[in-house]
Protein chains: 2
Amino acid sequence: MANFCLMLQYDGTRYNGWQRQGNTSNTIQEKLERILESLYGEPIDLNGSGRTDAGVHALGQIANFRIPRILSRYSCREILEYFNKYLPADIRVLGVEKADDRFHARLSATGKLYEYRIDCGEISNVFQRRYLTRIDEPLNIEKMRQAAAFLTGTHDFKSFCDNRRMKKSTVRTIYSIVLEEEDGILSIRYHGDGFLYHMARILTGTLIDVGTGDLPAGRIPAILEGRDRSLAGFTAPPQGLFLVEVYYPEQNLTS
Amino acid sequence: MANFCLMLQYDGTRYNGWQRQGNTSNTIQEKLERILESLYGEPIDLNGSGRTDAGVHALGQIANFRIPRILSRYSCREILEYFNKYLPADIRVLGVEKADDRFHARLSATGKLYEYRIDCGEISNVFQRRYLTRIDEPLNIEKMRQAAAFLTGTHDFKSFCDNRRMKKSTVRTIYSIVLEEEDGILSIRYHGDGFLYHMARILTGTLIDVGTGDLPAGRIPAILEGRDRSLAGFTAPPQGLFLVEVYYPEQNLTS
């Protein structure tokens with residue numbers, strides 16, 4: 001089989017998230033698979049590195065598809081150009097590479113970087129408003145950093161997962177949480193080995209609650225220990241969230 | 001009279017331009033004047049530095065309004081906050097200052113800076129696509145710079161004006177035209193003493209025609225001399241154009 005890896009960028013505003021949901025929904029995976037089918041003349045499954053929720057954006061989503069070598073008649077360049085010719089303007093394929101046979105966008109991933117962008121300037125941003133969550137109350141970023149330090153490391157993040165029926169392990173490792181403010185925009189970057197359902201958004205809602213003073217930073221350890229979604233903060237809205245990068249062991253890509 | 005100067009930012013996408021057009025249209029001036037009227041309890045005229053067309057944006061539009069001192073009961077800060085409380089998210093007041101009695105946003109202006117943004121990257125931009133004009137053909141920026149040099153200076157810009165019934169002088173001075181490309185976005189900055197109807201957009205359309213090779217840069221002097229709109233290039237679409245800054249003699253603002 002030939003195995004192709006795609007790097008994708010999309011504005012999630014108009015979509016019901018990444019994952020295919022049947023014939024009637026409007027998802028990013030479906031848009032891409034429909035174009036793949038028209039390119040190769042037969043249905044092809046596209047594996048994403050993970051689902052992004054409705055309204056969430058991607059700067060560097062990764063996906064792969066496999067095709068029998070005998071059917072693999074297009075170069076990486078041709079595949080890229082075909083996608084970008086037929087995709088709507090809010091989805092772009094940034095790159096196509098040949099991948100190792102065993103490469104799988106989700107199963108091979110070793111980590112992800114998400115960024116949440118908050119508009120906390122004195123005057124709200126006009127031109128980036130679709131990609132920011134506006135917080136009017138002043139945010140104490142130092143306290144948010146203290147809370148972020150408690151969240152970093154290997155923990156059971158059950159309190160930060162909106163899927164109550166999650167039966168698999170809810171233990172994850174967050175390598176770092178970096179908060180940076182510039183020109184009235186606070187970006188929070190989460191680098192972790194994996195993220196539970198809504199995890200980046202609940203982490204953000206919790207940090208915002210700390211920033212506004214509604215929640216003391218020192219309560220984070222008890223929230224983690226409680227393993228109860230109701231202890232953590234709100235689920236921050238999707239429009240501020242970007243999947244920035246997906247990490248893989250180096251040998252997976254044979255470019 | 002008290003005289004207040006506003007600095008404004010707006011995303012022009014949803015609006016029929018700056019200028020009030022009656023009761024049924026949707027213009028930026030109307031939005032602002034309606035809020036001024038509700039603040040002071042009587043109709044107040046707002047003077048813009050100039051009209052921006054439907055779909056054109058502003059990073060730093062300037063406007064002023066006068067009010068009898070006896071009615072002037074709000075501070076600059078209160079005026080700013082009232083505007084930003086009631087304006088839609090795509091219009092923001094960035095600053096309010098007291099101005100010299102004689103200051104008039106349009107009549108006192110000595111120059112303007114417009115920027116046109118072109119998406120000429122190999123892969124079109126997902127997140128700024130609403131504020132860019134996409135050009136798929138490769139652009140020869142050196143040739144565009146040669147053409148820009150011919151346009152710089154004091155000329156009769158009648159060929160670059162879409163108002164055929166323009167009876168006043170069509171002579172204007174362009175101090176500089178600066179082209180810069182970064183990350184697949186070409187920005188063209190026009191600094192001039194004033195701009196005719198659609199002038200920044202026709203200049204841009206003409207430079208694009210030079211960039212794609214449809215028009216030799218050396219033809220610009222003849223286009224200027226011809227004083228005929230049909231000689232110049234197309235009128236570039238509004239969504240790539242920003243009014244960046246308006247210039248005044250320093251003594252006008254008494255902040």
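Check the entry above for the structure.
Participant: Let's hear about the interface of chain B and chain A: which residues, and what values?
Facilitator: Listed as interface residues are 24 residues of chain B and, on the opposing side, 24 residues of chain A. When the two sides are added together, the surface that chain B and chain A hide from each other amounts to roughly 1,900 Å², 60% of it contributed by carbon and sulfur. When the buried surface of chain B facing chain A is broken down by residue, B:Ile123, B:Val126 and B:Phe127 rank first, second and third, together holding 35% of it. The tally of links between chain B and chain A comes to six salt bridges. B:Arg77 is the salt-bridge partner of A:Glu122, the closest N and O atoms lying 2.8 Å from each other. In this assembly, chain B and chain A are joined by six residue pairs in polar contact (both at pLDDT 80 or more). For the side of chain B that touches chain A, the elements supplying multiple residues, two or more each, are strand S1 (2-10), strand S3 (57-67), helix H2 (76-86) and strand S4 (91-98) of chain B. The greatest single-element share of the side of chain B that touches chain A, amounting to four residues, is contributed by S4(B). Here the residues of the side of chain B that touches chain A are counted per class, giving 13 nonpolar, four polar and seven charged.

Participant: Tell me about the environment of B:Ala109, residues and numbers included.
Facilitator: Residue and element names in this part refer to chain B. Relative to the helices and strands, Ala 109 is located in the loop between S4 and strand S5 (111-119). Considering only alpha carbons, one finds Ala 109 and Ser 187, 78 residues apart in sequence, at a separation of 24 Å. In this view, Ala 109 contacts His 104, Val 246, Tyr 247 and Tyr 248; residues no more than four positions away in its chain are not counted.

Participant: Which residues make up the relation of the copies chain B and chain A, and what are the values?
Facilitator: For the pair of chain copies, the relating transformation is a rotation about an axis with a translation along it. With an axial shift of 0.0 Å and an RMSD of 0.0 Å, the rotation relating chain B to chain A amounts to 180°. Each copy turns onto its partner about a two-fold axis. Identified as the residue of chain B closest to the rotation axis by C-alpha distance is B:Gln128, at 4.3 Å. Here 100% of the contact residues of chain B are again contact residues in chain A; the copies associate through an equivalent surface.

Participant: A description of helix H2 (residues 76-86) of chain A should follow, citing residues and the corresponding values.
Facilitator: For H2(A), every residue scored as buried is listed here: A:Ile79, A:Leu80, A:Phe83 and A:Asn84. Projected down its long axis, H2(A) shows its buried positions confined to an angular sector of 120°, all on one face.

Participant: Quick one: what's the story with unusual backbone geometry, residue by residue and with numbers?
Facilitator: Here A:His198, not a glycine, exhibits a phi torsion of approximately 70°, which is positive. Classification of A:His198 by relative accessible area gives buried; the value is 16%.

Participant: Lay out the packing of aromatic side chains with the relevant residues and their values.
Facilitator: Residue and element names in this part refer to chain B. Counted under the stated rule, the structure contains 22 aromatic pairs over all chains. On the numbers, 5.0 Å between centres and 75° between planes, the contact of Tyr 114 with Phe 195 is edge-to-face. One end of the pair, Tyr 114, is in strand S5; the other, Phe 195, is in the loop between strand S9 (185-192) and helix H4 (199-212), with 81 residues separating them in the sequence. The class for Phe 195 is buried, based on a relative accessible area of 18%.

Participant: I'd like a description of the environment of B:Lys168, backed by residues and values.
Facilitator: All names here are of chain B. Positionally, Lys 168 belongs in the loop between strand S7 (153-156) and strand S8 (171-182). For Lys 168, a relative accessible area of 69% translates into the label exposed. Considered as a pair, Lys 168 and Leu 215 are 47 residues apart in the sequence and their alpha carbons are 29 Å apart.

Participant: Account for the packing of helix H1 (residues 28-40) of chain B against H2(B), with residues named and values stated.
Facilitator: Residues and elements named next belong to chain B. Their axes nearest at 10 Å, the elements H1 and H2 cross at an angle of 125°. It follows from the interaxial angle that H1 and H2 lie oblique. H2 is crossed by H1, and the crossing has right-handed handedness. Contacts between H1 and H2 involve Leu 32, Ile 35, Leu 36, Ser 38, Leu 39 and Tyr 40 from the former and Ile 79, Tyr 82, Phe 83 and Tyr 86 from the latter. Here the contact of H1 with H2 is built from residues that sort into nine nonpolar, one polar and no charged.

Rules and cut-offs
Residues numbered from 1 in each chain as written. Chains lettered and ligands numbered in written order. Predicted model: local features only at pLDDT ≥ 70, side-chain atom pairs only at ≥ 80, totals over all residues. Heavy atoms only, no water. Contact = heavy atoms within 4.5 Å. Buried area = accessible area lost by both parts, 1.4 Å probe. Salt bridge = Lys/Arg side-chain N within 4 Å of Asp/Glu carboxyl O. Polar contact = N/O pair within 3.5 Å; in protein donor to acceptor, adjacent residues only side chain to side chain. Helix = DSSP H or I, 4+ residues; strand = E, 2+ residues; numbered from the N terminus. Nonpolar A, V, L, I, M, F, W, Y, C, P; charged D, E, K, R; others polar. Least-squares fit on C-alpha atoms with pLDDT ≥ 70 in both. Buried < 20%, exposed > 50% of the residue type's maximum accessible area, 1.4 Å probe, protein only. Arc of directions from axis to C-beta. Phe/Tyr/Trp six-rings, centres within 6.5 Å; stacked < 30°, edge-to-face > 60°. Axes fitted to C-alpha atoms, helices over the stretch in contact; angles between N-to-C directions. Parallel < 35°, antiparallel > 145°, perpendicular 65-115°, else oblique. Left-handed = near helix turned anticlockwise from the far one by under 90°.

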